[in-house]
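# Residue-level structural notes
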Amino acid sequence: MKIAVFSSKPYDQKFLTAANRSFGYELKFFEPRLTAETVGLAAGFPVVCGFVNDRLDAAVLEALAEGDTRVIALRCAGFNNVDLATAERLGLKVVRVPAYSPYSVAEHTVALMMALNRKTHRAHARVREGNFALNGLLGFDLHGRTVGVVGTGQIGIAVARIMKGFGCRLLGFDPYPNEDCKSLDMEYLSIDDLLSRSDVVTLHCPLTPQTRHLINVDSVQRMKRGAMLINTSRGAVIDTQAVIDAMKSGQIGYLGLDVYEEEADYFFEDLSHEVITDDTLARLLTFPNVVITGHQAFFTQEALQSIAETTLQSIHDIEHSGTSGNELDMKQIMP
Ligand code: NAI
């Protein structure tokens, strides 16, 4: 069976090709993102494999269905980029990788916290210039600080466990509290109380209509002055302009981002020879107390191997039994 793999990079090719030794599918790797402009490439492929910034909106899904695609296999956990109602209407099955390595994202989240706190990014640049001065590099002990985890699913609890090891107090906000987090002495609160009591706020909820701009003009004002905000979930969970304003006023003291609302045109590409025309992104890059990575939190060997194997296994399950445990259950998602 033929599978069209969009947004494919050398690392996708490497891990999918290795995993495919057990399946024997015909993988066709396309470098472009899947959009209305590129969807023609998928014509005649029963399966299309997409990633976080592929645009699976109604127009693209309709074109895919017309081109005889039957299955969309997302090689990621989030599925906010798929119009699920249209997929269901067209009879397209959508699978994702609900869990691969929560440790990959959790460990990167903590790396952002550590870099921001101890200013490792600045220290590294200084030392390479022969500047060994410490002025401006003062950090704080994480031990004894309060970390607020928004979304306490697989990644949120993995972060909580690491921060528990640091000696932090844990607060949580989640409409479905996680019993395992309670056994870490996490205290569940309303979002407002979590924001007002946390030294570090870290976001691990999915992007949904309820979480879009969860961190906004009003909610940043509820945060402790000078607190740290980390977002490794999806860019639009924060209103970036509101956060920039809060950085300028000192209301937010540190910002770590692995995701950005308008990342699709930038992330995963080498644009080092080009002018950044997105003024919001350009502004973010000027702050000394902001660390941005380009959606790399998932990017470990273990995660890529697991993503590749799970994606192909889900396709195999649908091919042979008509269903997969990783199929998005539209009824649960759209009650
Ligand atoms: P999960 O499904 O295990 O956990 C998500 C948690 O968020 C659940 O406990 C859910 O109840 C909670 N939640 C739902 N609505 C909420 C709301 N309105 N407010 C607060 N919490 C809410 O998902 P997992 O695996 O922990 O992943 C979380 C998110 O991380 C994904 O949806 C994805 O967007 C992002 N992600 C980012 C990656 C990266 O490389 N930066 C890689 C993988 C995932």
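Since the model is a prediction, treat every value here as computed from it, not as a measurement.

Looking now at the overall build of the protein chain. If you tally the helices and strands in the protein chain, you get 13 helices and 12 strands. In terms of overall dimensions, the protein chain is globule-like: its C-alpha atoms have a radius of gyration of 21 Å, near the 20 Å expected for 335 residues. By principal-axis analysis of the C-alpha atoms, the protein chain measures approximately 60 × 50 × 35 Å. Put simply, the protein chain has 335 residues, and 50% of those count as buried. Within the protein chain, contacts between residues separated by at least 24 positions form 67% of all contacts whose residues are at least 6 apart in sequence. Counting only carbon and sulfur atoms, one obtains 50% of the accessible surface of the protein chain, whose full area is about 15900 Å². The averaged location of the 41 negative side-chain charges in the protein chain is 6 Å from the averaged location of its 31 positive side-chain charges.

This part takes up unusual backbone geometry. A negative phi angle characterises most non-glycine residues, just as the trans form characterises most peptide bonds. Backbone geometry at Ser7 places phi at a positive 55°, although glycine is not the residue there. Take Ser7: it is sitting in the loop between β1 (2-5) and α1 (10-19). Even without being glycine, Asp68 reaches a positive phi, approximately 75°. Position of Asp68 relative to the elements: it lies in the loop between α2 (58-66) and β4 (71-74). On the accessibility criterion, Asp68 (55% relative accessible area) is exposed.

The tally for this structure, following the rule as stated, stands at 10 salt bridges. A salt bridge links Lys182 to Glu179; the nearest nitrogen and oxygen atoms lie 3.2 Å apart. With Lys182 and Glu179 both in helix α7 (residues 179-182) and three residues apart, this pair spans about one turn of that helix. With a relative accessible area of 39%, Lys182 lands in the partly exposed category. Put simply, Asp192 and Arg222 hold a salt bridge, and the shortest N to O gap is 3.3 Å. In this pair, Asp192 is assigned in helix α8 (residues 191-197) and Arg222 in helix α9 (residues 217-222), connecting sequence segments 30 residues apart. Residue Arg222 is classed as partly exposed on the basis of its relative accessible area of 36%.

Strand order in the open sheet formed by seven strands is β8-β7-β6-β9-β10-β11-β12, and the pairing between neighbours is parallel. Lying at the two open borders of the sheet, with one neighbouring strand each, are β8 (187-188) and β12 (290-292). Pairing analysis gives three bridges linking strand β11 (residues 252-257) to β12, with the strands arranged parallel. Within β12, the position partnered with Gly256 by the bridge is Val291.

The next point concerns the packing of aromatic side chains. Summed over the entire model, instances satisfying the criterion amount to eight aromatic pairs. Where Phe23 meets Tyr25, the ring centres are 6.1 Å apart and the plane angle is 10°; that geometry is what we call stacked. Residue class for Tyr25 comes out buried when judged on its relative accessible area of 8%. Aromatic side chains Phe51 and Phe268 sit 5.5 Å apart centroid to centroid with 55° between the ring planes, which places their arrangement in the tilted category. With Phe51 in the loop between β3 (47-50) and α2 and Phe268 in the loop between β11 and α11 (279-284), the pair connects residues that are 217 residues apart, well separated along the chain.

Rules used throughout
Residues numbered from 1 in each chain as written. Predicted model: local features only at pLDDT ≥ 70, side-chain atom pairs only at ≥ 80, totals over all residues. Heavy atoms only, no water. Helix = DSSP H or I, 4+ residues; strand = E, 2+ residues; numbered from the N terminus. Rg over C-alpha atoms; globule rule 2.2 N^0.38 Å. Buried < 20%, exposed > 50% of the residue type's maximum accessible area, 1.4 Å probe, protein only. Contact = heavy atoms within 4.5 Å. Areas by Shrake-Rupley, 256 points an atom, 1.4 Å probe, with all protein chains shown as cover. Lys, Arg positive; Asp, Glu negative; His and termini not counted. Charge placed at Lys NZ, Arg CZ, Asp CG, Glu CD. Salt bridge = Lys/Arg side-chain N within 4 Å of Asp/Glu carboxyl O. Pairing = 2+ DSSP bridges. Phe/Tyr/Trp six-rings, centres within 6.5 Å; stacked < 30°, edge-to-face > 60°.

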